[in-house]
Amino acid sequence: MILDTFKLTDRVALVTGASQGLGEAIAVAFAEAGADVVLASRNLAKLEAVASRITALGRTAVPVQMDVSLRADHDRAVAAALDRWGRIDILVNDAGTNVRVPAEDFREDDWDVILNTNLKGTFFLTQLVGRQMIAQRRGKIINIASLTSITGLPNLAAYTASKGGIASLTRMLAIEWAKHGITVNAICPGYIKTPLTQAVLDSPRGAYIESRVPIGRWGVPDDIAGTAVFLASGASDFMTGQLVVVDGGWMAG
Ligand SMILES: NC(=O)c1ccc[n+]([C@@H]2O[C@H](COP(=O)([O-])OP(=O)(O)OC[C@H]3O[C@@H](n4cnc5c(N)ncnc54)[C@H](OP(=O)(O)O)[C@@H]3O)[C@@H](O)[C@H]2O)c1
């Protein structure tokens, strides 16, 4: 039955950035679809609160403190899944950060934090999980990219570079790992209300964005969750290397 292919029953997912925002919504949606989830970010207390939401759904959640920009931290998150279940079926690279500054003023230390978190962290965690998925001969990798992976938006020099890199890595890894039964896709969210975008939402640009989105509103994290479940499920098995835009129509206009 077609709806059964969307289920994630007993799949094991590792979701970075799961303490809030899009990562939290995706992790909870995975549990609603039947998965158990390793929740990773730097803030263990917040992860434990998300884990409680998942436990209440009857699924297992394992919170793991991890700074994704530190390669040495990745082992802990992967071990949390392998020690308990012996496999990782789904990886979501959601952890990300941003600084909004005109290009002419952009600081080197901000550049390094953003690139190390968004791009280097994504690649090296994916490399580690990918080795496991290659051994399993199956896996679903979902990168959280951005509209800036595709188009220009102001004051986002490092963020744009990182998300453009994620789009390129998504296509490259899709090609390289298809033979191992691994699909690699990315979601490009439009403007979604989260702590990351609160300052923009509260600025004059917030109302402009709302007026510019054809669907007429900012997104909420749950607007991204359905696409994530689809890309994690068997329903997307013939799909790889794609950037899926979920933006209320912004890019169509
Ligand atoms: N909101 C939007 O409109 C939008 C649009 C396009 C793309 N995105 C992307 O979606 C993803 C999630 O964004 P969001 O809006 O949900 O932002 P958010 O609410 O600020 O959440 C960011 C998440 O990333 C984690 N994180 C940040 N730095 C980390 C690090 N060094 N190590 C581990 N975890 C780290 C944070 O956890 P801790 O603080 O607990 O570590 C948090 O869970 C990001 O990749 C972002 O670029 C968002």
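Scroll up to find the structure.
Because the structure is a prediction, the values reported are computed rather than measured.

Some thoughts on the overall build of the protein
So, step 1. The secondary structure content of the protein amounts to 8 helices and 7 strands.
So, step 2. Relative to the 2.2 N^0.38 estimate, which gives 18 Å for 253 residues, the radius of gyration of the protein is 17 Å and therefore close to what a compact globule would have.
So, step 3. The principal-axis extents of the C-alpha atoms in the protein amount to approximately 50 × 40 × 40 Å.
So, step 4. Counting every position in the protein, which comprises 253 residues, the buried fraction comes to 46%.

Side note on the site of the ligand
So, step 1. Among the 29 residues in the neighbourhood of the ligand, the closest are listed as G17, G21, R42, N43 and G96.
So, step 2. Broken down by element, the shell around the ligand gets its largest block of residues, 3 residues, from helix α1 (residues 21–32).
So, step 3. The class makeup of the residues in the shell around the ligand is 10 nonpolar, 15 polar and 4 charged.

What to know about the packing of α1 against helix α8 (residues 222–232)
So, step 1. The interhelical angle for the contact between α1 and α8, taken along N-to-C directions, is 50°, at an axis separation of 8 Å. The angle between α1 and α8 places the two elements in the oblique class. As for how α1 packs across α8, the hand of that crossing is right-handed. Only D222, I224, A225, A228, V229 and A232 of α8 make contact with α1, whose side of the interface consists of L22, A25, I26, A29 and F30.
So, step 2. Across the contact of α1 with α8, the residue classes break down as 10 nonpolar, no polar and 1 charged.

Quick notes on the packing of helix α4 (residues 108–136) against helix α5 (residues 157–177)
The axes of two packed helices give the description: the angle between them and the distance between them.
So, step 1. Where α4 meets α5, the closest approach of the two axes is 9 Å, and the angle between their N-to-C directions is 15°. Between α4 and α5, the angle falls in the class roughly parallel. Our pair here, α4 against α5, has a crossing hand that is right-handed. Facing α4, whose interface residues are D110, W111, I114, L115, N118, L119, T122, F123, T126 and G130, α5 presents A158, Y159, A161, S162, K163, G165, I166, L169, L173 and W177.

What to know about the nonpolar core
So, step 1. In this structure, I26, A27, F30, V37, L39 and A228 are the most contacted members of the largest nonpolar core, which totals 64 residues.
So, step 2. Looking at which element gives the most residues to this core, the answer is α1, with 8 residues.
So, step 3. When sequence neighbours within four positions are dropped, the list of residues in contact with A228 reads I26, A29, V92, I142 and I187.
So, step 4. Among the nonpolar cores identified, the runner-up in size contains 5 residues, and L156, A157, A158 and Y159 belong to it.

Quick word on the pairing of strand β2 (residues 36–41)
So, step 1. Across the 6 residues that make up β2, a large majority, 6, are buried.
So, step 2. Residues D36, V38 and A40 point to one face of β2 and V37, L39 and S41 to the other, with burial holding for every one of them.
So, step 3. Pairing between strand β1 (residues 12–16) and β2: 5 bridges, direction parallel. Residue pairing across strands places L14 opposite V38, the latter belonging to β2.
So, step 4. Pairing of β2 with strand β3 (residues 61–65) involves 5 bridges; the strand directions are parallel. For V38, the partnering residue across the bridge sits in β3 and is V62.

The rules behind each value
- Residues numbered from 1 in each chain as written.
- Predicted model: local features only at pLDDT ≥ 70, side-chain atom pairs only at ≥ 80, totals over all residues.
- Helix = DSSP H or I, 4+ residues; strand = E, 2+ residues; numbered from the N terminus.
- Rg over C-alpha atoms; globule rule 2.2 N^0.38 Å.
- Buried ≥ 20, exposed ≤ 12 C-beta atoms within 10 Å, placed from the backbone.
- Near = placed C-beta within 6 Å.
- Nonpolar A, V, L, I, M, F, W, Y, C, P; charged D, E, K, R; others polar.
- Axes fitted to C-alpha atoms, helices over the stretch in contact; angles between N-to-C directions.
- Parallel < 35°, antiparallel > 145°, perpendicular 65-115°, else oblique.
- Left-handed = near helix turned anticlockwise from the far one by under 90°.
- Contact = placed C-beta atoms within 7 Å.
- Core = buried A, V, L, I, M, F, W, Y, C linked by C-beta atoms within 7 Å.
- Pairing = 2+ DSSP bridges.

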